[in-house]
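The chain contents come next:
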Amino acid sequence: IEPEMSGDGVDNTCNGKTSGQDCWTYCKSAYTGTFTHVLCNISQDLTDVAYVPMTPGAPLSACSATSVRRLAGAGDCDGDYSNIEPSSTPGVTSDCLGKNAGETCLATCSTGYRIDGDPVLYTCNDGTYTGSGVPTCIAKLCDSAFPMGLGVTHNCNSTATGGTCQASCEQGYEGTGTDFTCTESGEFSGTAPTCTAKACAALSLGAEFDTSLCVGKATGETCFVSCAQGYSGTSTEYSCEAG
């Protein structure tokens, strides 16, 4: 869905957004007004989806005409707009594809990034987009689908959108580590390693002890040591621990 507009001069970057994602409303060329940061929000009864301002109580963009609007024609911007979405600046996106002469578009931050400051307005002038720089986009930390499994550990706690981290086998387990990627959805993508518990070394106790139940035990397993034949006493539980 798209946000409700308050006037002919309002445009938005909300095409294709789903519940929980954010976007912006802004003013078209020949109109003046403010940006509004909005969130695609689903109602508590899950029956309705609507855009609401990220700042509670804030209105959607209201734009007023300032001059005569230009008509589409020669000078349309249908080519390169790498200055708006430079490959050297990850996280920047826009709705600038295919704008006509005189039309405006907005450079903002893509899903998986948060904006620090305001988006940047561009205008199609004589086949070229004009504007001032790009927004500052900060990658968000992934917070779900962490590597999991028996004996699995990882270094993913501070990994943000587009970043990678490693899952490996913790002490007492063995296996081949794997890489995980933090996706724009906030979830990690990857396959956890298969970690196998290492066998503990044989107990080295005196002849008066029966350690047969502990042979071949691996990390996390327990066993009992009792008295050997000809000896009496109380059995003791042992645990095979990492390290």
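Reading guide: rules and limits
- One numbering rule holds for all chains: residues counted from 1, following each sequence as written.
- At least 70 in pLDDT is required for a residue's local features to be given in this predicted model, at least 80 for side-chain atom pairs to be given and counted, and no such filter applies to totals for whole chains, interfaces and linings, which use all residues.
- As a rule here, side-chain values come from all non-hydrogen atoms in the structure, and water together with hydrogens is ignored.
- Think of it this way: any DSSP run of H or I at least four residues long counts as a helix, any run of E at least two long counts as a strand, and we number them from the N terminus.
- Each residue's exposure class comes from its accessible area (1.4 Å probe, protein chains only) as a fraction of the maximum for that residue type: buried when under 20%, exposed when over 50%, partly exposed otherwise.
- Note on definitions: a residue-residue contact is assigned when non-hydrogen atoms from the two residues lie within 4.5 Å.
- Methods summary: accessible areas were calculated by the Shrake-Rupley approach with a probe of 1.4 Å, and residue burial reflects only the protein chains presented.
- For two strands to count as paired, DSSP must find a minimum of two bridges between them.
- Here an axis means a line fitted to C-alpha atoms, over the contact stretch when the element is a helix, while the angle between two N-to-C directions is reported on a 0 to 180 degree scale.
- Between N or O atoms, a polar contact is any pair within 3.5 Å; within protein, one atom must be a potential hydrogen donor and the other a potential acceptor, and residues adjacent in sequence are included only when both atoms are from side chains.
- Aromatic pairing here means that ring centres of Phe, Tyr or Trp (its six-membered ring) are within 6.5 Å. Orientation follows from the plane angle: under 30 degrees is stacked, over 60 is edge-to-face, and everything else is tilted.

Participant: Help me understand the overall build of the protein in this model?
Facilitator: Scanning the protein for helices and strands turns up zero helices and 21 strands. In the protein, which comprises 243 residues, the share counted as buried stands at 31%. When contacts within the protein are restricted to residue pairs at least 6 apart in sequence, those whose partners lie at least 24 apart make up 39%. Working note: accessible area of the protein is about 14000 Å², and carbon and sulfur atoms make up 48% of it.

Participant: Please clarify how the sheet that holds strand S2 (residues 22–27) should be interpreted in this entry.
Facilitator: Whenever strands of a sheet pair, they do so through backbone hydrogen bonds, lying parallel or antiparallel. Read across the sheet, four strands follow the order S1-S2-S4-S5 without closing on themselves; strand pairing throughout is antiparallel. Of all strands in the sheet, those with a lone pairing partner are strand S1 (10–12) and strand S5 (49–53), marking the two edges. The mean inter-strand angle of the sheet, taken between neighbouring strand axes irrespective of direction, is 35 degrees. Pairing geometry for S1 and S2, over three bridges, is antiparallel. Of the residues in S2, the one forming a bridge with valine 10 is cysteine 27.

Participant: Sorry, what's going on with unusual backbone geometry here?
Facilitator: Backbone phi values are negative for most residues with the exception of glycine, while trans is the configuration of most peptide bonds. The phi angle at aspartate 126 is positive, at roughly 55 degrees, despite the residue not being glycine. Along the chain, the position of aspartate 126 falls in the loop between strand S10 (120–125) and strand S11 (128–130). Taking relative accessible area as the criterion, aspartate 126 reaches 65% and is therefore assigned exposed. A positive phi angle, near 60 degrees, is found at alanine 145, a position not held by glycine. Along the polypeptide, alanine 145 turns up in the loop between strand S12 (136–139) and strand S13 (152–154).

Participant: For this particular structure, what's the right way to read the side chain of threonine 108?
Facilitator: Tracing the backbone shows threonine 108 in strand S8 (residues 104–109). There is a polar contact of 2.9 Å between the side chain of threonine 108 and the side chain of tryptophan 24. Beyond its immediate stretch of four places on either side in the chain, threonine 108 contacts Thr13, Trp24, Gly91, Val92, Thr93, Ile115, Pro119, Pro135 and Cys137.

Participant: Help me understand the packing of aromatic side chains in this model?
Facilitator: Geometrically, a pair of aromatic rings is defined through the distance of the ring centres and the angle of the planes. One pass over the full model with this rule turns up two aromatic pairs. Here the aromatic rings of tryptophan 24 and phenylalanine 35 are separated by 6.4 Å at their centres, their planes lie at 85 degrees, and the arrangement is edge-to-face. Residue tryptophan 24 is located in strand S2, and its partner phenylalanine 35 is located in the loop between strand S3 (31–32) and strand S4 (36–42); the two are separated by eleven residues in the primary sequence. A ring pair is formed by phenylalanine 146 and phenylalanine 188, whose centres lie 4.9 Å apart and whose planes are at 50 degrees; its orientation type is tilted. Here phenylalanine 188 lies in strand S17 (residues 188–189) and phenylalanine 146 lies in the loop between S12 and S13, a separation of 42 residues in the sequence. Given a relative accessible area of 26%, phenylalanine 146 falls into the partly exposed group. Phenylalanine 188 sits in the buried class, given a relative accessible area of 7%.

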